[in-house]
Amino acid sequence: MISGFHKLNKSEKIKTLADLVKLDQKDRELLQLFEVGVKTFQNRIESFSENVIGNFHLPYAVIPNVLVNGKTFFVPAATEESSVIAAASSAAKFWAQRGGFLSKVINTHKVGTIYFNWKAPVSFLQKIWDDLKIHLMRSTDEITSGMRQRGGGILSLDYEMMLPIEDEYKLTVLFDTRDAMGANFINSCLEKMASALSAYLLERFETIQKPDITMAILSNHTPECLVTCKVECDVSALDGVIPDMSGAEFANKFKRAVDIAWHDPSRAVTHNKGIMNGVSAVVIATANDFRAVEAAGHAYALQHGQYRSLSKVTVLNDTFTFQLTLPLALGTTGGLTGLHPMAALSFKILKHPDSLGLMKIIAACGLASNFAAIKSLVSDGIQKGHMRLHLNNLLLNLNANENEVLAVHKYFKGKNISTAAVKSFLEKHRLNH
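Read on for a plain summary of the structure. Please read all numbers here as calculations on a predicted model, not as lab measurements.

### Concerning the packing of helix α6 (residues 141–149) against helix α7 (residues 183–204)
Think of two packed helices as two axes; the pair is described by the angle between the axes and how far apart they sit.
(1) Moving on: Here α6 crosses α7 at 145°, and the two axes come no closer than 10 Å. Considering only the axes of α6 and α7, their crossing is left-handed. Contacts between α6 and α7 pair I143, T144 and M147 from the former with F185, S188, C189 and K192 from the latter.
(2) Moving on: The residue makeup of the contact of α6 with α7, split by class, is 4 nonpolar, 2 polar and 1 charged.

### Overview of a nonpolar patch on the surface
(1) Moving on: A grouping of I2, L20 and V21 is seen on the molecular surface, where their side chains present a nonpolar patch of about 270 Å² in accessible area.
(2) Moving on: With respect to the secondary-structure elements, L20 resides in helix α1 (residues 10–21).
(3) Moving on: Look at L20 and you get exposed, because its relative accessible area is 56%.

### As for helix α5 (residues 122–139)
Think of an α-helix as turning once every 3.6 residues; residues three or four places apart then point the same way.
(1) Moving on: For α5, the principal kink sits at W129 and spans about 65°.
(2) Moving on: L125, I128, W129, L132, L136 and S139 are the residues of α5 that are buried.

### Things to note about the environment of A120
(1) Moving on: Structurally, A120 is set in the loop between β4 (110–117) and α5.
(2) Moving on: A relative accessible area of 8% means that A120 is categorised as buried.
(3) Moving on: For A120 and E168, which are 48 residues apart along the polypeptide, the C-alpha to C-alpha distance reads 9.8 Å.
(4) Moving on: Every residue in contact with A120, bar those within four places of it in the chain, is listed here: Y169 and I208.

### Concerning the sheet that holds strand β3 (residues 102–105)
(1) Moving on: Spatial ordering of the open sheet is given by β3-β8-β10-β9, a layout of 4 strands whose pairing is antiparallel. A strand with exactly one partner marks an edge of an open sheet, and here the two such strands are β3 and β9 (311–316). In this sheet, adjacent strand axes meet at a mean angle of 20° when their direction is disregarded.
(2) Moving on: Summarising the sheet, strand β8 (residues 226–234) and strand β10 (residues 319–327) pair through 9 bridges and their orientation is antiparallel. Each bridged residue has a counterpart across the sheet, and for E232 the counterpart in β10 is T321.

### Description of the layout of surface pockets
(1) Moving on: Here the largest pocket defines a volume of roughly 1,300 Å³.
(2) Moving on: Lining the largest pocket are 38 residues; nearest its centre among them are F48, I284, A287, L336 and H340.
(3) Moving on: Contributions of two or more residues to the lining of the largest pocket are made by α3 (39–46), α7, α9 (265–285), α10 (290–300) and α11 (341–349).
(4) Moving on: In terms of residue class, the lining of the largest pocket is made up of 21 nonpolar, 14 polar and 3 charged.

### A few points about the state of the cysteines
(1) Moving on: Taken as a whole, this structure holds 0 disulfides when the rule is applied.
(2) Moving on: Note on C189: no disulfide assigned, nearest cysteine sulfur contributed by C225 at a separation of 16 Å.
(3) Moving on: In this structure C233 is a free cysteine whose sulfur lies 14 Å from that of C229, the closest cysteine sulfur available.

### Details of the sheet that holds β4
Through backbone hydrogen bonds, the strands of a sheet pair up, either in parallel or in antiparallel fashion.
(1) Moving on: Strands sit in the order β5-β6-β4-β7 across an open sheet of 4 strands; the sheet is antiparallel. Each having just a single partner strand, β5 (153–161) and β7 (212–219) make up the two edges of the open sheet. Within this sheet the neighbouring strands show an average axis-to-axis angle of 15°, counted without direction.
(2) Moving on: Of the pairings in the sheet, the one linking β4 to β7 comprises 7 bridges and is antiparallel in character. Across the sheet, the residue bridging to Y115 is M215, located in β7.
(3) Moving on: Helix-sheet contacts for α5 involve β4, β5 and β6 (168–176), and the interaxial angle to β5 is about 165°.

Conventions used here
Residues numbered from 1 in each chain as written. Predicted model: local features only at pLDDT ≥ 70, side-chain atom pairs only at ≥ 80, totals over all residues. Heavy atoms only, no water. Axes fitted to C-alpha atoms, helices over the stretch in contact; angles between N-to-C directions. Helix = DSSP H or I, 4+ residues; strand = E, 2+ residues; numbered from the N terminus. Left-handed = near helix turned anticlockwise from the far one by under 90°. Contact = heavy atoms within 4.5 Å. Nonpolar A, V, L, I, M, F, W, Y, C, P; charged D, E, K, R; others polar. Patch = residues over 30% accessible without salt bridge, like charges linked within 9 Å, V, L, I, M, F, W, Y side chains within 5 Å. Areas by Shrake-Rupley, 256 points an atom, 1.4 Å probe, with all protein chains shown as cover. Salt bridge = Lys/Arg side-chain N within 4 Å of Asp/Glu carboxyl O. Buried < 20%, exposed > 50% of the residue type's maximum accessible area, 1.4 Å probe, protein only. Bend = angle between axes of the 7 residues up to and from the residue. Pairing = 2+ DSSP bridges. 1 Å grid on protein atoms, 1.4 Å probe; cavity = no way out; pocket = protein on both sides within 12 Å on 5 of 7 lines; lining within 4 Å. Points joined across faces, edges and corners; volume = space filled by probe spheres on them. Disulfide = S-S within 2.5 Å.

Below is the structure:
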């Protein structure tokens with residue numbers, strides 16, 4: 001048990017941790033790397049979290065040729081998975097030559113909730129609801145003033161009983177936070193409203209037990225903060241996408257693969273993970289909340305009572321249409337979007353989109369990743385391309401030197417790659433050299 005760890009400076013934290021968990025000198029030196037370099041940059045990074053002892057790096061890449069609604073973007077993306085950027089880049093280029101991605105924001109509404117326990121019949125709340133609603137909204141006037149000036153603020157309030165939890169009520173508040181993700185804004189409003197709610201009900205129904213506020217918190221379930229994105233082309237434009245396969249054959253096989261993900265949850269989870277490969281990489285690169293985005297996406301996939309694919313395909317009148325709809329609660333101002341130096345660079349590379357523009361771009365990257373994955377699955381399989389890109393990681397693990405790396409790449413050009421095959425080749429190569 002240790003107390004006061006957060007009060008130590010970083011060097012002290014590293015020494016304490018290293019002593020406690022028996023890190024060797026090499027491990028200590030790795031963590032000390034972050035003591036050197038551009039200090040102002042490192043200090044900024046360290047200010048974002050608690051108990052910082054270093055940085056955990058992800059490759060920062062760009063997906064070129066992402067044509068969205070007629071505009072071309074180089075999209076920054078941060079991910080560790082070898083094939084994600086290559087696959088999304090290939091799909092982006094493919095669709096840029098066929099009209100690009102068409103993205104549309106359906107809505108940007110976000111949700112906050114207040115749960116409270118009150119031993120009173122729902123009819124009591126019904127009688128006072130119109131007045132209470134006005135009272136609660138006015139209680140947040142000071143907090144929402146700036147947001148309302150930008151066209152946002154509180155949009156609506158509603159209530160329901162949380163059966164079967166006895167005497168538990170839920171107040172749902174709908175927000176428009178404009179270009180901010182708005183978590184702090186929403187939570188501040190909710191806590192103010194919760195206090196006002198408790199006082200209001202106690203004043204008017206003092207003979208009933210005082211309302212007990214269970215919690216007031218934003219919801220990352222944002223089924224009304226939606227963006228849709230699609231690609232579309234004549235089936236004939238898909239001729240030769242897979243060698244020796246017509247566009248019609250490819251379109252129908254592709255559609256079957258997506259239909260399987262619609263009907264089979266065991267496939268849908270991996271299918272949607274493929275979408276999130278592209279989505280989360282850009283969300284991270286722009287310092288948005290990728291955990292919230294992924295949770296909301298998976299919840300949205302359950303909207304029909306069964307976990308299903310987030311994308312769909314139609315082949316109608318010789319037209320192939322591939323479409324994705326998902327919730328994306330994002331911010332382009334506030335939070336770390338401007339404070340994190342790499343996030344600020346990402347927005348500069350993207351030419352400073354507003355939140356709606358960012359939603360459209362990220363949806364396109366999700367659809368691109370999904371298209372690339374399914375194209376591989378219905379042709380050569382996922383491993384051929386993945387293992388080729390994973391080869392350098394494998395060689396690092398096998399401590400291959402520069403000459404061995406060149407020999408391996410030369411030998412496996414055009415061949416199937418597996419861990420066992422690479423290890424076997426490398427062992428024989430080392431015996432002969």
